[in-house]
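Descriptive analysis of the structure
Read off the chains here:
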Amino acid sequence: MPKSVKKINLRKGKRRLPKGVIHIQASFNNTIVTVTDIRGQVVSWSSAGACGFKGTKKSTPFAAQTAAENAIRILIDQGMKQAEVMISGPGPGRDTALRAIRRSGIILSFVRDVTPMPHNGCRPPRKRRV
């Protein structure tokens, strides 16, 4: 009796995405660009470290620009026309990554800053006595 062969679905090439969400997470050490569909499932991602930058070069604006271009290159092949952008974090690459997305030709419906802000947060450490 022959075994039934399971067919593996490769969804990466087939999907046509007219609209998506681009998340830019810019920390002081790295910049991560993640592209999702509207439901939140990741379509493509890139980071400064994945682009080949190491050490302190990861935290540069140029590394963030390269990461954004790499993440968007896959989208344009899949036919994405419109996107929303969510920017998070205080890093040096946040503006440069946004500029790279603007230059790619994708229409941005809105750009939102979703950096978490504390409403007076944690209690600070005690005053130092010398």
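Structure's up top.
Note that the structure is predicted; figures quoted are calculated from it, not measured.

With respect to the helices and strands, the residue Ile-24 is situated in strand β1 (residues 19–26). Residues Ile-24 and Ser-47, 23 residues apart in the sequence, show an inter-C-alpha distance of 9.5 Å. Setting aside residues up to four positions removed in sequence, Ile-24 forms contacts with Thr-31, Ile-32, Val-85, Met-86, Ile-87, Ser-88, Ala-97, Leu-98 and Ile-101.

By the burial criterion, the buried members of helix α3 (residues 94–103) are Arg-94, Thr-96, Ala-97, Leu-98, Ala-100 and Ile-101. Turning to α3, the residues buried within the fold contact β1, α2 (61–78), β4 (82–88) and β5 (107–113). Where α3 terminates, the next one or two residues include Gly-105, which has phi positive at roughly 100°.

Ranked by size, the top nonpolar core spans 22 residues in total, and within it Ile-22, Ile-24, Leu-75, Val-85, Ile-101 and Leu-108 carry the most contacts. Elements supplying a minimum of two residues to this core: β1, β2 (31–36), α2, β4 and α3. Residue contributions to this core peak at six residues, all from α2. Sequence-distant contacts of Ile-22, that is, excluding residues within four places in its chain, are made with Val-33, Thr-34, Val-35, Ile-72, Ala-83, Glu-84, Val-85, Met-86 and Ile-101.

The description of two aromatic rings rests on the distance between their centres and on the angle between their planes. Counting across every chain of the model gives one aromatic pair. Between Phe-53 and Phe-62, the ring centres sit 5.9 Å apart and the planes meet at 85°, which makes this aromatic pair edge-to-face. For Phe-53, a relative accessible area of 18% translates into the label buried. A relative accessible area of 52% places Phe-62 in the exposed class.

So, on to α2. Its 18 residues give α2 an end-to-end C-alpha distance of 27 Å, which sits within 8% of 26 Å, the value for a rise of 1.5 Å per residue. Buried within α2 are the following residues: Ala-63, Ala-64, Gln-65, Thr-66, Ala-67, Ala-68, Ala-71, Ile-72, Leu-75 and Gln-78. Phi turns positive, to about 90°, at Gly-79, one or two residues after α2.

Let us now look at the packing of α2 against α3. Look at α2 against α3: their axes get within 8 Å of each other, and the N-to-C directions meet at 35°. Pair α2 / α3 crosses with right-handed handedness. From α2, Pro-61, Ala-64, Gln-65, Ala-68, Glu-69 and Ile-72 reach across to α3, where they touch Thr-96, Ala-97, Ala-100, Ile-101 and Arg-103.

A word on the sheet that holds β5. Strand pairing in a sheet takes place through backbone hydrogen bonds and is either antiparallel or parallel in direction. The mixed open sheet is built from five strands, whose spatial order is β3-β2-β1-β4-β5. Among the strands making up the open sheet, the edge pair consists of β3 (42–47) and β5. The average undirected angle you get between the axes of adjacent strands in this sheet is 15°. Here β1 pairs with β2 via six bridges, running antiparallel. Among the inter-strand pairings, His-23 is bridged to a residue of β2, identified as Thr-34. Running over the sheet, α2 touches β1, β2 and β3 and is turned about 155° from β3. Packed on one face of the sheet, α3 meets β1, β4 and β5 and runs near 165° to β5.

Rules used in this analysis
- Residues numbered from 1 in each chain as written.
- Predicted model: local features only at pLDDT ≥ 70, side-chain atom pairs only at ≥ 80, totals over all residues.
- Heavy atoms only, no water.
- Helix = DSSP H or I, 4+ residues; strand = E, 2+ residues; numbered from the N terminus.
- Contact = heavy atoms within 4.5 Å.
- Buried < 20%, exposed > 50% of the residue type's maximum accessible area, 1.4 Å probe, protein only.
- Core = buried A, V, L, I, M, F, W, Y, C linked by side-chain atoms within 4.5 Å.
- Phe/Tyr/Trp six-rings, centres within 6.5 Å; stacked < 30°, edge-to-face > 60°.
- Expected span 1.5 Å × (residues − 1).
- Axes fitted to C-alpha atoms, helices over the stretch in contact; angles between N-to-C directions.
- Left-handed = near helix turned anticlockwise from the far one by under 90°.
- Pairing = 2+ DSSP bridges.

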